[in-house]
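Residue-level structure breakdown
The residues making up each chain are set out below.
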Amino acid sequence: MLERKITKQIEDWFQNKETGLLIDGARQIGKTTVIQNFLKSKNLNYLEINLIENKLALEAFNTYTDEKQLLLRLSALSNKEIDEKTVIFIDEIQEANDAITPIKFLIQKSKYRYIFSGSLLGIKMNDISSIPVGFLTILQMYPMDFEEFMKAIGVSDKVYLYLKDCFKNKIIVDEIIHKQMMNLFNTYLVVGGMPKAVDVFIKSNDINFVNKELKDIDVGYKKDIGKYQKNNKLLIQEIYDLIPSELNAQNKRFILKNLNEKARFYKYETSFTWLKNSGVGLFVHNVDNPIYPLLASKERTLFKLFLSDVGLLTYKLYNGNEIEILNGNANLNYGAIYEAVVAQELKAHGFELYYNSDKKRGEIDFLIEINNQVVPIEVKSGKKYKRHSALNYLMANKTFNYKYSYVLCNSNLNVDGNITYIPIYMVCFIENAKNNNKQVIKLDISKLI
């Protein structure tokens, strides 16, 4: 069983909240499995209904008149007895014509606990944003990150904690362990974080079997585009197919003219938004003023577009040549997949992602916010990882007041002033800070009374 970190969040919801739960994310990332494993681990009586596989259940959702009728229909479709402790799990909820209204009915007016899972391939974004606060908890799920991959492969907790301590205290990693970790990371670049691909790799160690799984996922995504977005499906498929080549170019920003010489963003915005909301595409937007808060200077029309899983990107870019990546071939251009894996990892850790590009000083690959501070991140795949004029400029400029920055590279850990060079695999330790401090405001209105 592949261990997923989101299980802890599901546990927190189950113990502490009376709301329903919606697990949202792209297809094939393991939503159904993680929910099933959680329910089984708790020995809970649960009713599972898949709206893709069970057409009668889908009809029940699409034609009900009130929540009592809907619940009666669901009970009739079950071969289990339902009692007050039953958890009702509705999978592929996006298949319903109106997903939100029945969810509201069921949670607000019945005595059972509900878990829903679905993909934004079918759920309209305005439906999600219109959910009233207080009755539904939404958890975003992503492909397996590198920490989850390490544990699935069998890296011991002792080694993991040792590496985390090296990162925290800026200690050089034992050279043998560093080399093995680089080999493991190269494997992750090829396999990626899709659970089926990871599982087949663990069982077979055969990249050909991994590629078969990734091919099936790739084909499935294209079919979903046609199924859920009939009006713009050709355009969305064209954008989807262009992602690898755009990332492999020297300027990794998505160039609209590669779609159409006269392309304007406003004509294509719906298609890009669909890719983002489906979980298939991962966006990193440019900011023209790299200071906190970054959102204030986000440029909507300038962005890099990654696939949400690095294994899928590697398959599309290097299919048949993965052995060169596994061997760490120094002559191979790792730029696209290195940036992709960093984007995937940081997004899974809860960061909003930005970059900064300036004609005079160059480009900073990523900008994130930790404890209300902007942290620049450069990603270097070659030997000249200490060449970064844009980063040097920003770190020396007192206007920005950056405290520290990271350069992710192939070398072992070392520190040079306010720049820390860390092995690329240590991206798994860059985490979003949790603010547990009370923010109490005491107002003095004595003069206003």
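These notes cover the structure that comes with them. Every value quoted in this text rests on a predicted model; they were computed, and no experiment measured them. (Residues numbered from 1 in each chain as written. Predicted model: local features only at pLDDT ≥ 70, side-chain atom pairs only at ≥ 80, totals over all residues. Heavy atoms only, no water.)

Okay, the side chain of Q344 next. Tracing the sequence through the fold places Q344 in helix α16 (residues 335–348). A polar contact is formed between the side chain of Q344 and the side chain of Y188, at a distance of 3.1 Å. Contacts of Q344, omitting those with residues within four sequence positions, involve P143, M144, Y188, G193, L282, S308, D309 and V310. (Helix = DSSP H or I, 4+ residues; strand = E, 2+ residues; numbered from the N terminus. Polar contact = N/O pair within 3.5 Å; in protein donor to acceptor, adjacent residues only side chain to side chain. Contact = heavy atoms within 4.5 Å.)

So, about the sheet that holds strand β9 (residues 362–370). Strand order across the open sheet formed by eight strands is β7-β6-β8-β9-β10-β11-β13-β12, with mixed pairing between neighbours. Every other strand in the sheet has two partners, leaving β7 (298–307) and β12 (414–416) as the edge strands with one partner each. Looking at each pair of strands side by side, their axes are set apart by 30° on average, direction ignored. Taken together, the two bridges between strand β6 (residues 281–287) and strand β8 (residues 354–358) define a ladder with parallel strand orientation. (Pairing = 2+ DSSP bridges. Axes fitted to C-alpha atoms, helices over the stretch in contact; angles between N-to-C directions.)

The end-to-end C-alpha distance of helix α9 (residues 175–191), which contains 17 residues, comes to 24 Å, matching closely the 24 Å that a straight helix rising 1.5 Å per residue would cover. Taken as a whole, α9 has its buried residues at H178, M181, M182, L184, F185, N186, T187, Y188, L189, V190 and V191. A distance of 3.1 Å separates the backbone nitrogen of I176 from a side-chain oxygen at the start of α9, and that oxygen is part of D174. Of the residues trailing α9, G192 is marked for its positive phi of about 75°. (Expected span 1.5 Å × (residues − 1). Buried < 20%, exposed > 50% of the residue type's maximum accessible area, 1.4 Å probe, protein only.)

Core analysis: the largest hydrophobic core is formed by 100 residues, its most contacted members being F146, L346 and I430. Those residues in contact with F146 that lie beyond four places of it in its chain are M181, L184, F185, Y188, E345, Y425 and C428. Residues A60, L70, A99 and L106 belong to the second largest nonpolar core, which totals 25 residues. (Core = buried A, V, L, I, M, F, W, Y, C linked by side-chain atoms within 4.5 Å.)

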